[in-house]
Amino acid sequence: MSEPILSTHALSGGYGDFQALFGVDMHIDPGEVIALIGANGAGKSTFLKSVFGMLPVAKQMVRFDGADVGGTPAHKMVRQGLAMVPEGRRLFAGMSVEDNMRVAIDNARLPEDQGQWTRDRLFDLFPILGEKRREMVENLSGGQQQMVAISRALLCQPRVLLCDEISLGLAPKVIREIYAVVPEISAAGTAIVLVEQDVSLAKSASNRLYCMLEGRITLSGASGEISRDEIATAYFGGS
Ligand code: ATP
């Protein structure tokens, strides 16, 4: 069996003296979609930030593409093939859709519009962005802004895309629209880690699912085989 594209090994860490993660083991294969669920404050965002080099962790705690990379700064992780759609989207206000995309390409130091995720392909994936390419991002709806955030991450040509609560604050119809592209992204070989509060959505969109409680993984398995009861116990803690 080949090695997963991304894995964590007894990943622990947090913020200064405050420990938020306690020995998290997780892995994802190329093109796979995994979901990470858990209540507010469980440590899901901290996990993504730790993997992405935004929080200090030991080198051997994160393995990406056959190398130990824990603690490698985010801008270097991007060049190695990891990208993140951050919570709250973090777009560059005062800039157009197209310019937000251009900044991503520049930051990743990639030749413009090379690799499988080109701007044209993203405009095919999200046609509304093609129509609004010259619009300032602050004039877009929340869903459209999320599409820009996803496009920006994909333009870095990641092999693994980390998504932090991409459904947050969006209407159900818009969430469906955004989640509709997940299979297309994974079919192109890009693995996806979905941090998601909506359990049904997480279950239906993923191949495998992990549940986190107070910084520990309390359940993992094939999304189609995990029962509601198992999730409830793992999510809230059980006796
Ligand atoms: P949410 O769904 O609310 O984003 P989460 O599962 O992503 O929840 P985290 O944001 O990772 O949870 O938080 C995990 C723990 O770390 C919580 O106890 C939280 O209060 C703490 N925490 C998060 N960010 C910081 C920070 N910048 N400084 C100190 N503690 C933090």
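The preceding data block contains the structure.
Everything quoted here is computed from the prediction, not taken from an experiment. (Residues numbered from 1 in each chain as written. Predicted model: local features only at pLDDT ≥ 70, side-chain atom pairs only at ≥ 80, totals over all residues. Heavy atoms only, no water.)

K.L.:
Summarise helix α1 (residues 44–51); cite the residues concerned and give the values.
P.N.:
Here α1 lies mainly inside the structure; 7 of its 8 residues are buried. Of all the residues in α1, the buried ones are K44, S45, T46, F47, L48, S50 and V51. At the C-terminal side of α1, G53 shows a positive phi close to 80°. (Buried < 20%, exposed > 50% of the residue type's maximum accessible area, 1.4 Å probe, protein only. Helix = DSSP H or I, 4+ residues; strand = E, 2+ residues; numbered from the N terminus.)

K.L.:
How would you sum up the site of the ligand? Please name residues and give values.
P.N.:
The environment of the ligand is made up of 14 residues, and the closest members are G41, G43, K44, S45 and T46. Separating an oxygen atom of the ligand from a backbone N or O atom of A42 is a distance of 3.1 Å. In isolation the ligand exposes 630 Å². Once the protein is present, 62% of that is buried. At the level of elements, β2 (18–28) and α1 are the ones that each hand at least two residues to the shell around the ligand. When residues of the shell around the ligand are assigned to their parent elements, the largest contribution, 3 residues, is made by α1. Counted by class, the shell around the ligand contains 5 nonpolar, 6 polar and 3 charged residues. (Near = heavy atom within 4 Å. Polar contact = N/O pair within 3.5 Å; in protein donor to acceptor, adjacent residues only side chain to side chain. Areas by Shrake-Rupley, 256 points an atom, 1.4 Å probe, with all protein chains shown as cover. Nonpolar A, V, L, I, M, F, W, Y, C, P; charged D, E, K, R; others polar.)

K.L.:
Break down the packing of helix α6 (residues 142–154) against helix α7 (residues 172–179) for me, citing the residues and quoting the values.
P.N.:
For the pair α6 and α7, interaxial distance at closest approach is 10 Å and the crossing angle is 20°. By the criterion of interaxial angle, the relationship of α6 to α7 is roughly parallel. The two elements α6 and α7 meet at a crossing, and its hand is right-handed. Across the interface between the two elements, G143, Q146, M147 and I150 from α6 touch V174, E177 and I178 from α7. Its residues assigned to classes, the contact of α6 with α7 shows 4 nonpolar, 2 polar and 1 charged. (Axes fitted to C-alpha atoms, helices over the stretch in contact; angles between N-to-C directions. Parallel < 35°, antiparallel > 145°, perpendicular 65-115°, else oblique. Left-handed = near helix turned anticlockwise from the far one by under 90°. Contact = heavy atoms within 4.5 Å.)

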